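If you want the building blocks of each chain, they are given just below.
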Amino acid sequence: MTNSAQPPQAGRPTANAMRRALRRARDGVALDVSEAAVLLRARGGDLDDLTASAARVRDAGLEAAGRPGVITYSKSVFIPLTRLCRDKCHYCTFATVPGRLRRDGHGMFMSPDEVLDVARRGAAMGCKEALITLGDKPEDRWPEAREWLEAEGYDDTIAYVRAISIRILEETGLLPHLNPGVMTWTDFQRLKPVAPSMGMMLETTSERLWSEPGQPHYGSPDKEPAVRLRVLEDAGRSSVPFTSGLLIGIGETYEERADSLFALRRVARSYHGVQELIIQNFRAKPDTAMRGMPDAEIDDLVATIAVARHIMGPSGNIQAPPNLIAGEYERLIGAGIDDWGGVSPVTIDHVNPEKPWPQVEELAERSAAAGFRLAERLCVYPEFVRRGEPWLDPRVLPHLRALADPETGLARPDAVVEGHPWQEPDEGYVASSGRTDLHATIDTTGRTSDRRDDFDEVYGDWEALREQAAPGMVPSRIDGDVRAALKQAADDPTKLTDDEALALLHADGPALDALCAVADDIRKTVNGDDVTYIVTRNINFTNVCYTGCRFCAFAQRRTDADAYTLSLDQVADRAAQAWDVGAVEVCMQGGIHPDLPGSAYFDIARAVKERVPGMHVHAFSPMEVVNGATRTGLSIREWLTAAKEAGLGSIPGTAAEILDDEVRWILTKGKLPTATWIEVIKTAHELGIRSSSTMMYGHVDQPRHWLGHFRTLAAIQRETGGFTEFVTLPFIHTNAPVYLAGIARPGPTTRDNRAVTAMARVLLHPHIPNIQTSWVKLGQEGAAEMLRSGANDLGGTLMEETISRMAGSSYGSYRSVEDLVAIADAAGRPAKPRTTLYGEVPEERQRAAAASDGHLPELLPLAD
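Conventions adopted
- Residues numbered from 1 in each chain as written.
- Predicted model: local features only at pLDDT ≥ 70, side-chain atom pairs only at ≥ 80, totals over all residues.
- Heavy atoms only, no water.
- Helix = DSSP H or I, 4+ residues; strand = E, 2+ residues; numbered from the N terminus.
- Rg over C-alpha atoms; globule rule 2.2 N^0.38 Å.
- Areas by Shrake-Rupley, 256 points an atom, 1.4 Å probe, with all protein chains shown as cover.
- Lys, Arg positive; Asp, Glu negative; His and termini not counted.
- Charge placed at Lys NZ, Arg CZ, Asp CG, Glu CD.
- Buried < 20%, exposed > 50% of the residue type's maximum accessible area, 1.4 Å probe, protein only.
- Contact = heavy atoms within 4.5 Å.
- Salt bridge = Lys/Arg side-chain N within 4 Å of Asp/Glu carboxyl O.
- pLDDT = per-residue confidence, 0-100.
- Arc of directions from axis to C-beta.
- Polar contact = N/O pair within 3.5 Å; in protein donor to acceptor, adjacent residues only side chain to side chain.
- Core = buried A, V, L, I, M, F, W, Y, C linked by side-chain atoms within 4.5 Å.
- Expected span 1.5 Å × (residues − 1).

### Structural notes on the overall build of the chain
Counting its regular elements, the chain contains 35 helices and 21 strands. Relative to a compact globule of 864 residues, whose C-alpha radius of gyration would be 29 Å, the chain shows 29 Å and is just as compact. Reported as C-alpha extents along the three principal axes, the dimensions of the chain are approximately 85 × 60 × 55 Å. Entry remark: accessible area of the chain is about 30700 Å², with carbon and sulfur atoms responsible for 50%. Computing the positive centroid from 94 side-chain charges and the negative centroid from 122, the chain places the two 3 Å apart.

Listed below in structure tokens is the structure:
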């Protein structure tokens, strides 16, 4: 921004507008953006009125949190891991260039020894937080940064951040709070096991300040507001306690500032993961493009804090950096802050080096003068300390508990700051526990209750989710000609336009019958009349999971009555039992158990192959692959290679749901995004690990989402050829949280099932030759109908099935070979066994299956 440029501002609000907004604030009525923008302009007596009501909101929140009259701070060290950055913010003196670092005698990154020296000095002085701050993705701009990382053995900056965080935990006992800038969903999975909290300032949602030449964020790709909001959302989806906030006075309008606060509230409300907001005032610095801009005024800061308090409510935590406020402690406390942020007795504020931290004693005195007692917290706020999982990873919990008061969640004054080992939980596979007979008793006793007792908290804010879901559930207007679309599908389905495909996805009555006939003709040409099936066994090795998928009724916490985890011996025993009755495959998937190390998946595959060498291991969804990779520190490619060496034969293409993030983020809080699912699948195919593909439909989706999903799968298959089949997965609604909350519809209709099956055949032709229907979800008659609508495969005998049954499916947990043959017969077609890769089944396996009818004599007597 040039020295003379000023933010475009509307005139001062009218007295009536100010009175109305102040009255609404005093009365505790929710403000809107325009009212917040009015209040940001409050000055004089109006500002006193505003801050008084904001302080009352803050005090009510502290009372409810059990710490009335307490203002907190964190005793920390500031570690500028690298000052190189790919962005070019016009106000920043933190970022520099390689030449200046060399001239000043510094490396491109702080070395581990330099980092640990600072951390040890902090520990010796009672600090408990290591604030690790750095520029965004410096290796993308500076070859010197890339060369340093490669020389030290790190794939990227995030890998170094992870490694140095582990050393800080182990060698000093400080808790890392990570500020590496813009992160991906996968970055959060990599870093969560090594840090209790992370942060990134939103700064502003003003697109103008990023996109227009001369504005402060122009030329800085990581300052695009949409990108930064996505980071905040990914933090919430990953259950990471996250710090964010605004930088005020950089040229934004009051309306833009108000919009930024409401954007932060939306994220906080949706995920309950924003642990604090920092309201930071701009200070002009020499040698920057904005050196001539006036500093943000103290009245502006006070008004913004007060408005932030009203918007975030009593449970929000609001911080103002105490070294940037020109001694106005009492005014900021009066405006509604409840935290002073990090204060270091060891290091300077490297972002604002000209502004020294106040002494803790002075901070205590000035807080006391305003009627507040100063108390030390940890880098993660007390509310999250008390929440525990899934917000705190088991690998950092011992470090946190060594410093936290278990009653208050604040820092323990007498805590000894010393290193503790960081390692994978229990250094190996966990022991058997819980309701390990659930695979059998789900069909008799059933589940203990229809929902978990943390239903109202674990999935995010249901009301916010309802608002988010509503636009995507509105049906699209369909203008396509169904008759013309049917003709095109029959003549050459590869040339169907999107409009024609959407018309067919909405088809009903005679048009739907005609569509199914077209699909069935394609099926007959591609597959013949044989209905294939596989003698397989599902082994869900654990249902303990903290991911927070809102469609899933399978996931349990460790302490829930229906929770269980199988031992390796139990997994191998079940595989051996399946082999004895003719199985050629085990399909193994489980919850994302926080205590399972990333190598546990290798142990599971090995256990099966050692017990039953001939068994094909079809296992581990893309979500499990990412979980394993991030926990082991391996890349996705490296992890899949190791899994293949351990015995993995193919992977299920589950965890896809709908490959459209508009829908995914309604269905799931913490599962991998579409791009990551695609990355895992493509990487597996490149390594010769084939996969199925799936789509779960009938919840908060619409036909336009199904079309996008099919197009994505077809594009992947054209590139890799790695999909063995496409599996339709109708949504089972009965016990699904998103249905119980009144958001999802009650599963797909029969029309939907027929249209999806038929259009899968049409749109995936000729790329994916096999279309599978699910007897578990549709029953015998429904599956037979899908065989007449384009499907050629019935899936497997399963022998046990827990996921759909926990969700409320009423069609049982297994089918015998005879049962599957009967479904094919109902469709007027012969049945034929197959392998995972649709090959011929050896005669010996067919004889074993025929002798037992493909199911176990008893489900399932297993010794612990």
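On we go from here.
### A closer look at the environment of P622
Tracing the sequence through the fold places P622 in helix α25 (residues 622–632). Taking relative accessible area as the criterion, P622 reaches 0% and is therefore assigned buried. In the structure, P622 is positioned 227 residues away from A849 in sequence and 30 Å away in space, judged by C-alpha atoms. The residues contacting P622, other than those within four sequence positions of it, are P652, T654, A655, L672, W677, V680 and I681.

### Looking at the pattern of salt bridges
This model, assessed by the stated rule, comprises 53 salt bridges. Among the salt bridges present, the one from D661 reaches R664, with a minimum N-O distance of 4.0 Å. Taken as a pair, D661 and R664 lie in helix α27 (residues 661–667) at a separation of three residues, close to a single helical turn. Looking at D661, the relative accessible area reads 28%, which means it is partly exposed. With a shortest N-O distance of 3.5 Å, R834 and E725 are connected by a salt bridge. In this pair, R834 sits in the loop between β21 (831–833) and α35 (843–852) while E725 sits in strand β18 (residues 723–730), placing the two residues 109 residues apart along the sequence. Assessed through its relative accessible area of 6%, E725 is described here as buried.

### Notes on the confidence of the model for the chain
Taken as a whole, the chain shows an average pLDDT of 91; of its residues, 92% reach a score of 70 or greater. In this model residues 1–5 is a low-confidence stretch, pLDDT under 50, and it forms 15 contacts with partners more than four residues away in sequence or in other chains. This model gives residues 859–864 a pLDDT under 50, and the stretch forms 16 contacts once residues within four places in sequence are excluded.

### Here we look at helix α20 (residues 482–491)
Listing the buried residues of α20 in full gives A485, L486 and A489. The buried side chains of α20 occupy one side of the element, clustering within an arc of 100° when seen end-on. Structural note: α20 exposes R483, K487 and D491 on the side pointing more than 90 degrees away from its buried face. Contacts made by the buried residues of α20 are with α21 (498–505), α22 (509–527) and α31 (750–764). Backbone nitrogen of R483 and a side-chain oxygen of the N-cap are separated by 2.9 Å at the start of α20; the cap is D481.

### Looking at the nonpolar core
Within the largest apolar cluster, 130 residues are counted, with the highest numbers of intra-cluster contacts made by M588, W677, F710 and M759. The biggest single contributor to this core is α31, with eight residues. If you look at the next biggest cluster of nonpolar residues, it comprises 122 residues, including V115, V194, Y329 and Y381.

### Concerning helix α29 (residues 703–720)
An ideal rise of 1.5 Å per residue puts 26 Å on 18 residues; α29 measures up with 26 Å between its terminal C-alpha atoms. The complete set of buried residues in α29 reads P703, H705, W706, L707, H709, F710, L713, A714, I716 and Q717. The inward-facing, buried residues of α29 contact α21, α27, α28 (674–686), β17 (690–697), β18 and α31. Where α29 terminates, the next one or two residues include G721, which has phi positive at roughly 65°.

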